[in-house]
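Commentary on secondary and tertiary structure
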Amino acid sequence: MKIVVMGVGAMGSVYAALLADAGHEVWAVDTWKEHIDTINMQGLRLQGASGDRVVSSIRATTDVTDVGSCDMCLIATKASAVGAAARAAAPVIGPDALVLTIQNGLGSGERISRYIPSGNVLLGVADGFGASMKAPGHAHHNAMKLIRIGELDGGLTPRLARIEKVWQGAGFDARAFENITQLIWEKFLCNVTFSAPCTVFNETVGELMADPEHWAIALGAMNEAFSIARLKSIPLGFEDPVAYVTAFGEGMPKARPSMLLDHMAGRVSELEAINGIVPVLGREVGVRTPFNDTLSAILRQRESQFAGGKA
């Protein structure tokens, strides 16, 4: 299968390396020229949960039009860059090509559908992948847990089963799900709980949960999103959202959410797809969102100071 990976940061590098090592023709596309040049000259080194390897078969470019037509386009950018990635990739997406987007937060499928027919789009959720860039051409991943994939409009289809096998053949624990929307919202509630609050207070997950005032704010933000999910009739696999997000946080007390890591590095985060989208959805269904309004306002002000507000 010919696969183009749009965005080969830490997670995109994990995907590209393992898919290429499994024998697929993989193209890596990114704006980070030094990273792209290193991959072309030395290969892509991947360390961590799957071992230590250098994959030299990946073709890398800063211009997606170099790729030509592909069978699958994997969008692995930050949520804030999904629309731009889809717009750039549109020329290489033929009528039968599939676009799989794997991001935190909500709205990626809709942003892609502005440029690529929604019938070509699959949604994914990555669980338990901690990844980081060590240097240009060198990525590390701490864990290899679950990749969940599903159709944008739901259902189990032959093409979804085919993509599931592609990921499994590359060493991922990948599973196709009939209702990916439920899984996206379940992860979204955890993201809302920990992303902006940990970033505002500069705390790990465990530190946030140990501070009664900070934890109350985090749960307030989560409950706003949970109320929206209920009014939108989103199916969820639990009745007690506080117990659900508490159990999630207790499993990773030393973790820093990617939003906090972005702010520590002076980068614009995925705020608008996580806590920032809660007030937007709240207005649609009549839910007041003071916790997410306030958290988002604080972080927008901070991000306005990062490189002119650009990622």
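Further up the page is the structure itself.
Below is a summary of the structure that appears in this document. (Residues numbered from 1 in each chain as written. Predicted model: local features only at pLDDT ≥ 70, side-chain atom pairs only at ≥ 80, totals over all residues. Heavy atoms only, no water.)

**Concerning helix α5 (residues 158-169)**
Cut-off, in case you're wondering: Numbering of helices and strands runs from the N terminus, with a helix taken as a DSSP run of H or I at least four residues long and a strand as a DSSP run of E at least two residues long. Expected span, for any helix, means 1.5 Å times one less than how many residues it has. Categorising residues by exposure relies on relative accessible area from a 1.4 Å probe, with only protein chains included: less than 20% of the type maximum marks a residue as buried, more than 50% marks it as exposed, and the intermediate range marks it as partly exposed. By arc we mean the arc of the directions from the helix axis to the C-beta atoms, nothing more.
Look at α5: 17 Å from first C-alpha to last across 12 residues, which is about the 16 Å you get at 1.5 Å a residue. All buried positions along α5 are accounted for by Leu 160, Ile 163, Glu 164, Val 166 and Trp 167. On an axial view of α5, the arc spanned by its buried residues comes to 155 degrees, and they lie on one face. Residues of α5 that are exposed and point more than 90 degrees away from the buried face comprise Pro 158, Lys 165 and Gly 169. Positive backbone phi, approximately 100 degrees, marks Gly 171, located one or two places after α5.

**Concerning empty space enclosed by the protein**
Let me state the cut-off plainly: The pocket and cavity definitions rest on a 1 Å grid over protein atoms only: a 1.4 Å probe that fits but cannot leave marks a cavity, an open set with protein on both sides within 12 Å along at least five of seven lines marks a pocket, and residues lining either have an atom within 4 Å of a point. Grid points are joined across faces, edges and corners, and a volume is the space filled by probe spheres set on the points.
Evaluation of the coordinates by the stated rule reveals 1 cavity of 30 Å³ or more. What the largest cavity holds in volume is close to 50 Å³. As for the largest cavity, its lining consists of Gln 103, Asn 104, Gly 105, Gly 124, Val 125, Ile 184, Lys 187, Phe 188 and Asn 191. Elements represented by at least two residues in the lining of the largest cavity include exactly β8 (121-127) and α6 (180-201).

**Remarks on the state of the cysteines**
Definition in use: Disulfides are defined as cysteine sulfur pairs within 2.5 Å.
Evaluation of the coordinates by the stated rule reveals 0 disulfides. No disulfide involves Cys 190; its sulfur sits 12 Å from the nearest other cysteine sulfur, which is in Cys 198. Cys 190 gets classed as buried once you look at its relative accessible area, which sits at 2%.

**Considering the sheet that holds strand β10 (residues 138-141)**
Strand pairing in a sheet is mediated by backbone hydrogen bonds. Such pairs are either parallel or antiparallel. Our working rule: The pairing criterion for strands is at least two bridges between them, as found by DSSP. For every element, the axis is a line fit to its C-alpha atoms; helices are fit only across the contacting stretch, and the angle between N-to-C directions ranges from 0 to 180 degrees.
If you walk across this open sheet you meet the 4 strands as β4-β3-β10-β9, and the pairing is mixed. Each edge of the open sheet is held by one strand with a lone partner, namely β4 (53-55) and β9 (131-135). On average, adjacent strands in this sheet sit at an angle of 25 degrees to one another, irrespective of strand direction.

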